[in-house]
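Listed below are the residues making up each chain.
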Amino acid sequence: MRPKKRNSGTTQSKEPKPRPGVASPDKKESPELSVKKHRDKDAEFVTLCKSLRVTDLVCDRAWKLWRSVQDPVEDVLDSQRRLWAAWLFVSATDMDAACFTLTEVLKAVDLNVKQFLALVRKLDVNLDAISTKVNSALTQLEKKYDVTLALYQRFEKTCKNIFALVSDTEERKTIRSCWTMFLLARGRALQMEDDLVISFQLLLCTLEFCIKRCPPDLLQPLYKTAISKVQSPPTRTSRRNQSKAKSRPPEPEVDLQLLKTLCQENECNAEEVKNVYQTSFSAFVESLDLSKSAEFPPVNDLNQQYEEHYLKSRDVDGRLFFEEDETVLLPKIEISQVERTPKKNQADDDAVPAPPQTPIRAAMNSIQQLRGDLTSSGDQPSTNLATYFKNCTVDPTQDMLKRLETLGQAFSQRFGQAVGPHCVVLGRQRFTLGVKLYYKVMEAMLKSEEKRLSVQNFSKLLNDSAFHTSLLACALEVVMATYGESSFKAGGYNHGGGERNVCFPWILDVVGLAAFDFYKVIESFIKADPTLNKDIVKHLESCENLIMERIAWRTGSPLFELLKQEREGGAAEQVETPASFSQPLQHNHTAADLYLSPKRLGVRILPPESPATPGSQGSAQPLAQTANQSPWLPKSNSLSLFYKKLYRLAYTRLKMLCSYLLSSHPELEPIIWTLFQHTLQHEHELMRDRHLDQLMMSAMYAICKVKSVDLRFKIIVSAYKNMPNTSQETFKHVLITEGHYDSIIIFYNQVFMQKLKTNILQYASTRPPQISPIPQIPRSPYKFPSSPQRVPGSNNVYISPMKSPRMSPGIMTPRSRMLVSIGESFGLSNRFQKINQMVNSSERSFKRTLDMGSPPKPLKRLRFDVDGQDEADGSKSNGDSTLIQKLTEMSSTRSRMQEQKMKEDADSRKE
């Protein structure tokens, strides 16, 4: 079915033609395509190139990519024209030579946004066919599209409550202008147009601006009465009344009552929206010269100005959402899944149905919860905190306040640079919330330490700059994550987003903090604030994992200095003893221990009543001395805990990869782990500026090679891509030598194997190295009061305590689950049968828990291989038989991992 044509003045045809009157930003760099130069190519391909105005270079590169990978993508069920369009998009993005918008490509090949993005990603069957630059662009496009779709769905719903259906033509004209004005405001006010919360607040500002300029008969009663001063429709003024009209006081900049009504109807904080209005939106209105006008902005002017922005951004035309154009619509099945929400028992006639948990509603609920939890917390130290400060030998108050002032200015400025030129004030608001959370958690930590140690003087801890900066950075990260502004740079890589990317670890750069120092506070922070919701706890846990996987291993990290001190102190073998692997991860160390006692003696054990405290002498409760530990060896608490967590993370990821690829060789997993663990302990320099998973994949390939198991790198990488929290940069962009990066195979050949050749060969001898113990893997080291608890004897039945009284049970009910309230009428008996089916559905549990999708598909060709040699040692593939064998082996991945999951559940119940 062909996309519907747009009704606006910017209708796009199937094959876009040059736009008259609109200068192309790349006109000089994009001369007209020379058809004569491309006679060797398919005529239809050249026609497509010409319709999209690509350069000769882009045309050549796209055709070359198409020819080089025709065979590997033979199973892609799409027309050649669609595949050509995908390769043109890839080539133009890689070469920074895009002369077309994404909408033009979509219309040229009859695809919607999601279909096209999926097609481009499907083409990445070769490890270097789709660059990390293109992948980053795809991710950014998809995120912006998802945000715009969510905003339009809320806009459409809100407009039904605002406007009265007096004249369908007049109403649609007004609503279309309002939506276009919002798109233009977002494009001009925000650099990060995928910021959901600020974009939504801008949308409410736009609605306020438009409502008070609408004729009253177009408005519903609620909004008629909400306007402080009802505006009359523009009329011609007689000369007699012109002087009176001129003397009439100007319209207020923002109608507070109207804005408050809009915010209440949309569950949004009115004070925040007001600030967005007075900063970002007011500046936008000034740029249109509409601040003094009581009239509605001219529709043609809005269209023309947005058209220029859209062509410059090379993005999706946001006006198509209003036209219900098929290029931007989701399939109906996806929309129904998004809007699906559980309903209360049918027998309960008085129950109010729970509203759909849309992205905007989820964001507003999270923000409301955060702000509610901080209502009693001020942006100044509480009386209790002030008492702790006064009890210190050296009062930390002045240094702390100076630090907050400096970091507050830095954060606000950097936030403004990243999000939008007028968002510095919003950055200050985020910082103020972060300071409240910082004080709240600090007080909770000190109370806990006082109870644990029976002391009140925490002078050394409270005068430690790294502790304060880490605690503040963690609080700010929680605020940013709550507002949806922080997720993750994949693998900690910077994809060129620069200041427009505020994802973690952006905050570390803003406050000038080492990742290793930030890691020290995370666990104590979570334990000190039981009100953190589950998503935020998962976010912080992911930050910790990212630090252990990559960020803490960057050159200049204090981690390397600690490792050097351990080695010089004779404790190189004792970074974390293998004997401790089987011990639980829970420990008695707090943030105070980790910040104040980088060194401890193995035999030093002080009772709680000892005067040596985190506020004076350092750690008061060191880890118990292990059997193999020499009593004189110095050991770092922070380093020991870091390595203990690192080993558990490393083994968890290795176990998952082995379950995909080596289920028929279970004896290899402990051997691979031994080599992997040996590398982390004794050859940690291999981790410098690299990723944990790079060593994991190299260790797997090495052991399979010496054990004569046919497992090729391309199979390892294809399985790795299906693991959670992975980035293609991990295997495409590996440090080889200083400043030089290449693929994982080159890293194995030139670095890993050269460094560990002797050790690797030992595993092929008759006396291989002793196997390292397997770490104990808890489900999560972070247990907090609101965590659901497993019902004994069941695989997927959990109970969870009542959370916040501010939220109704309907809102708290998980989507697509059934709510049973003991003591209430349950309705029909078949509901129990449905619950039994849900409980017994291991497939549903498997999908929810692992979400791994289909088994990994082996790659058909590695384009970075040389002369047909596709392995690290230069060996050639033995043909399709090997691939078929691997496909057969991996086809049972789901059942194996399901059995593994059930076994883990049984083990956890035994514990």
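Residues numbered from 1 in each chain as written. Predicted model: local features only at pLDDT ≥ 70, side-chain atom pairs only at ≥ 80, totals over all residues. Heavy atoms only, no water.

**Q** Before we move on, could you go through the overall build of the protein chain and cite the residues and values that matter?
**A** Scanning the protein chain for helices and strands turns up 36 helices and six strands. Counting all 911 residues of the protein chain, 52% fall into the buried class. Contacts in the protein chain between residues far apart in sequence, at least 24 positions, make up 77% of those at least 6 positions apart. Carbon and sulfur atoms form 51% of the exposed surface of the protein chain, whose accessible area is close to 41800 Å². (Helix = DSSP H or I, 4+ residues; strand = E, 2+ residues; numbered from the N terminus. Buried < 20%, exposed > 50% of the residue type's maximum accessible area, 1.4 Å probe, protein only. Contact = heavy atoms within 4.5 Å. Areas by Shrake-Rupley, 256 points an atom, 1.4 Å probe, with all protein chains shown as cover.)

**Q** Hey, could you go over the pattern of salt bridges for me, with residue numbers and the actual values?
**A** Any two side chains of opposite charge can pair, so long as their charged atoms come close to each other. Applying the stated rule across the entire model yields 33 salt bridges. Among the salt bridges present, the one from Asp56 reaches Lys37, with a minimum N-O distance of 3.5 Å. You can see Asp56 sitting in helix 2 (residues 56–68) and its partner Lys37 sitting in the segment before helix 1 (43–51), a full 19 residues away along the chain. Residue Asp56 is classed as buried on the basis of its relative accessible area of 16%. Given the relative accessible area of 57%, Lys37 is considered exposed. Here Asp529 makes a salt bridge to Lys440, at a shortest N to O gap of 3.4 Å. (Salt bridge = Lys/Arg side-chain N within 4 Å of Asp/Glu carboxyl O.)

**Q** Help me get a handle on the confidence of the model for the protein chain, residues and values and all.
**A** Of the residues in the protein chain, 66% reach a pLDDT of 70 or more, and the chain-wide mean stands at 77. When pLDDT is averaged over each element of the protein chain, helix 28 (residues 692–706) comes out on top at 97 and strand 1 (residues 600–601) at the bottom at 39. Within the model, pLDDT remains below 50 along residues 333–351, and this stretch shows 27 contacts once partners closer than five positions in the same chain are excluded. Below a pLDDT of 50 lies the segment residues 494–499, which in the model reaches nine contacts outside its immediate sequence neighbourhood of four places, other chains included. (pLDDT = per-residue confidence, 0-100.)

**Q** Got a sec to walk through the nonpolar core? Specific residues and values, please.
**A** If you look at the biggest cluster of nonpolar residues, it comprises 242 residues, and the most contacted ones within it are Phe525, Leu657 and Met700. No other element matches the 15 residues that helix 26 (residues 637–661) contributes to this core. With near-sequence residues (within four places) excluded, Phe525 lies in contact with Leu437, Val441, Met445, Leu471, Cys474, Ala475, Val478, Leu532 and Leu540. (Core = buried A, V, L, I, M, F, W, Y, C linked by side-chain atoms within 4.5 Å.)

**Q** Let's hear about the environment of Glu32: which residues, and what values?
**A** Along the chain, Glu32 turns up in the segment before helix 1. Sequence spacing of Glu32 and Val54 is 22 residues, and the spatial spacing of their C-alpha atoms is 7.6 Å.

**Q** Before we move on, can you summarise the side chain of His539 with the specific residues and values?
**A** Following the sequence through the fold, His539 ends up in helix 23 (residues 534–549). On the basis of relative accessibility, which here comes to 8%, the residue His539 falls in the buried class. A distance of 2.7 Å separates polar atoms of two side chains, one belonging to His539 and the other to Glu477. (Polar contact = N/O pair within 3.5 Å; in protein donor to acceptor, adjacent residues only side chain to side chain.)

**Q** Would you mind going over helix 3 (residues 80–94) in detail, with residue names and values included?
**A** End to end, helix 3 covers 21 Å across 15 residues, agreeing with the expected 21 Å (1.5 Å per residue, within 8%). Of all the positions in helix 3, only Arg81, Leu83, Trp84, Ala85, Ala86, Trp87, Leu88, Phe89, Val90, Ser91, Ala92 and Thr93 are classed as buried. (Expected span 1.5 Å × (residues − 1).)

**Q** With reference to specific residues and values, describe the pairing of strand 3 (residues 734–737).
**A** Examined bridge by bridge, strand 3 and strand 4 (residues 740–742) share three bridges and lie antiparallel to one another. What sits directly across from Val734, in strand 4, is Asp742. Hairpin connection from strand 3 to strand 4: two residues lie between these consecutive antiparallel strands, with Gly739 at a positive phi of about 80 degrees. (Pairing = 2+ DSSP bridges.)

**Q** Give a description of the packing of helix 8 (residues 196–211) against helix 15 (residues 359–373) that names residues and reports values.
**A** Each pair of packed helices gets described by two things: the angle between the helix axes and the distance between those axes. Relative orientation of the contacting elements helix 8 and helix 15 amounts to 100 degrees, with a least axis distance of 10 Å. Considering their axes alone, helix 8 and helix 15 lie roughly perpendicular with respect to each other. Here Leu196, Val197 and Phe200 of helix 8 lie close against helix 15, whose contacting residues are Pro359, Ile360, Ala363, Met364 and Ile367. (Axes fitted to C-alpha atoms, helices over the stretch in contact; angles between N-to-C directions. Parallel < 35°, antiparallel > 145°, perpendicular 65-115°, else oblique.)

**Q** Which residues make up the state of the cysteines, and what values do they have?
**A** Scanning the entire structure with this criterion turns up zero disulfides. Not engaged in a disulfide, the cysteine Cys178 finds its nearest cysteine sulfur in Cys210; these two sulfurs lie 3.5 Å apart. Judged by its relative accessible area of 1%, Cys178 is buried. Left unpaired, Cys268 is separated from the closest cysteine sulfur, that of Cys263, by 5.1 Å. (Disulfide = S-S within 2.5 Å.)

**Q** So what about unusual backbone geometry? Which residues, and what values?
**A** Here the residue pair Phe504 and Pro505 is connected by a cis peptide bond, since its omega of 15 degrees sits within 30 degrees of zero. Residue position: Pro505 is located in the loop between helix 20 (465–482) and helix 21 (506–511). Residue Asp110 is not a glycine yet carries a positive backbone phi of 55 degrees. The residue Asp110 is located in the loop between helix 4 (102–109) and helix 5 (113–122) in this model. Even without being glycine, Asn725 reaches a positive phi, approximately 55 degrees. Of the residues examined, Asn725 reaches a relative accessible area of 63% and is grouped as exposed.

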